[in-house]
Amino acid sequence: MPPFLDLAPIRAARGELRLPGSKSVSIRALMLAALADGETQLSGLLDSDDTRVMREALKACGVVIEEQGAGAWRVRGGLQFPKREAELFVGNSGLSIRTLVAVLAFMGGHYRLSGVPRMHQRPIGDLVDALRPLGAQIHYLQQDGYPPLAIEPAQGRADAPVRVRGDASSQFLTGILQSAPLLARERHLVIEVDGELISKPYIDLSVALMQRFGVTVQRDVGASGAPRFTVPAGARYRAPGAFAVEGDASSASYFLALGALAGGPVRVFGMGRSSLQGDVRFAEVMAAMGAQLEQGDDWTEVRSPGLANGFRPKAIDADFNHIPDAAMTVAVVALFADGPSVLRNIGSWRVKETDRIAAMAAELTKLGAVVDTGPDFLRIEPPASLRSAAIDTYDDHRMAMSFSLAACGGMPLRINEPACVAKTFPDYFAQLAALTEA
Ligand SMILES: O=C(O)C1=C[C@@H](OP(=O)(O)O)[C@@H](O)[C@H](O)C1
Ligand SMILES: C=C(OP(=O)(O)O)C(=O)O
């Protein structure tokens, strides 16, 4: 891809799209299939940078993963990975490194995990701190609390409940949950969250997928009032035979927003009422902002009169902790709203692909918005009319995808370094072009 992409003003958009597979479901399904007794036939798996690093990491651990056609992979699993020594590169996939570390800590081998420079600035200390009392031998290779890491075989184990913090990322808890069958061999495993838990729907997704692979997680509330999870002794993953990955609800958000801004109707297939991902709730945000929404089990459609016909989204002031990824799309839709919008409780944005609060504020400002930020919020006052700008993307796929929607503002727009969309949606711009009229 060239170093920049010039987008013509988008006057109208309509049509249908089959969504790429969900990143969150694909990466979970690869890990669970790798740990499950038997063979799993995965279909609809996302093919992108994030899923490739996960697949390659598991293969480097000796797991047999074979491609059988587009999105179709056969995984031969087992509770022990065959290779006990491996160097793993995880790019900038937070979900991959956090779930790999929790599992590999109890595999009895020697592993090293590293990523791109930004990955080495993304925190992992809360996960390591939770695993060490269980005997995990995890060493920081550069800076305490951050990758790269070295893992040695675990030694000894306290028989106490696992305590994990969940206020920087929910992925630490997801990692420990997924590794539970390695830890609950003789006794129940109890995991308690210390303090606040963010991004909760991703935990619901983890528990739902573990169930699909044969492990039931009991949920209740511990003595301190914090969420508590129990996995029974002897729990083992069983390959479900076939497993179909649903469409990506975060990727859907760009097209649903397109339907809202450019009129639509835009219908996405692969995500609807029966989806497991929390980001399906982005569709409700479009409805709250004044667009019309229709949904079936496996599809979602958004339409509106369109900006070109005088439609203005209603401003919104809400807590977006439950949909941190799709909330970036809301921030760009807010550029066109009938008043200032506030996105609250999005502090986790600061430690993702980039500092997303700072990046979002800088680029929205280039387009003419007046933006205010705090540790965990973003306030966006829309401009009377948008200025043309060259948008920097900070190697963040969601910066590139969400800002492409600003082209609905009637002016040309440049997206710098558009190739970063390869993290979760390699052909995003081709799909966008297919639905839009300049
Ligand atoms: O578990 C998951 O699949 C994810 C959890 C979220 O991260 P945090 O829990 O760090 O907010 C989300 O931003 C990420 O893209 C995917
Ligand atoms: C934050 C994201 O991913 P991860 O944490 O898995 O790198 C994302 O996809 O927006």
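About the thresholds
- Residues numbered from 1 in each chain as written.
- Chains lettered and ligands numbered in written order.
- Predicted model: local features only at pLDDT ≥ 70, side-chain atom pairs only at ≥ 80, totals over all residues.
- Heavy atoms only, no water.
- Near = heavy atom within 4 Å.
- Areas by Shrake-Rupley, 256 points an atom, 1.4 Å probe, with all protein chains shown as cover.
- 1 Å grid on protein atoms, 1.4 Å probe; cavity = no way out; pocket = protein on both sides within 12 Å on 5 of 7 lines; lining within 4 Å.
- Sits in = over half its atoms within 2 Å of the grid points.
- Helix = DSSP H or I, 4+ residues; strand = E, 2+ residues; numbered from the N terminus.
- Nonpolar A, V, L, I, M, F, W, Y, C, P; charged D, E, K, R; others polar.
- Points joined across faces, edges and corners; volume = space filled by probe spheres on them.
- Polar contact = N/O pair within 3.5 Å; in protein donor to acceptor, adjacent residues only side chain to side chain.
- Domains from an automatic or database assignment.

**Section: the site of ligand 1**
Now for step 1: Taken together, Lys-23, Ser-24, Arg-28, Leu-95, Ser-169, Ser-170, Gln-171, Ser-199, Tyr-202, Asp-325, Ser-348 and Lys-352 form the complete shell of residues around ligand 1.
Now for step 2: Summarising the interface, the protein chains cover 96% of the accessible area of ligand 1, which totals 390 Å² for the free molecule.
Now for step 3: Taken atom by atom, the bulk of ligand 1 overlaps the largest cavity.
Now for step 4: Residue contributions to the shell around ligand 1 peak at 3 residues, all from helix α1 (residues 23-35).
Now for step 5: Among the residues forming the shell around ligand 1, the class breakdown is 2 nonpolar, 6 polar and 4 charged.

**Regarding empty space enclosed by the protein**
Now for step 1: Taken as a whole and judged by the stated rule, the model has 4 cavities of 30 Å³ or more.
Now for step 2: There is about 240 Å³ of room inside the largest cavity.
Now for step 3: Lining of the largest cavity is provided by 24 residues; of these, Lys-23, Gln-171, Tyr-202, Asp-325 and Lys-352 occupy positions nearest its centre.
Now for step 4: Mapped onto the lining of the largest cavity, the elements with two or more residues apiece are α1, α3 (94-104) and α11 (397-404).
Now for step 5: It is α1 that provides the largest number of residues to the lining of the largest cavity, a total of 3 residues.
Now for step 6: Residue composition of the lining of the largest cavity, by class: 5 nonpolar, 9 polar and 10 charged.
Now for step 7: Looking at the lining of the second largest cavity, the elements with two or more residues in it are α1 and α7 (249-262).
Now for step 8: In terms of residue class, the lining of the second largest cavity is built from 2 nonpolar, 5 polar and 5 charged.

**Here's the deal with the site of ligand 2**
Now for step 1: Surveying the vicinity of ligand 2 reveals 14 residues, the closest of which are Lys-23, Gly-94, Arg-122, Arg-398 and Lys-423.
Now for step 2: Here an oxygen atom of ligand 2 sits 3.2 Å away from a polar atom, N or O, in the main chain of Asn-92.
Now for step 3: The side chain of Asp-325 places a nitrogen or oxygen atom 3.4 Å from an oxygen atom of ligand 2.
Now for step 4: In a pocket analysis with a 2 Å cut-off to the grid points, ligand 2 is assigned to the largest cavity.
Now for step 5: Elements with a minimum of two residues in the shell around ligand 2: α3 and α11.
Now for step 6: Viewed by domain, the shell around ligand 2 spans two of them, domain 1 (4-19 + 246-437) and domain 2 (23-244), each represented by three or more residues.

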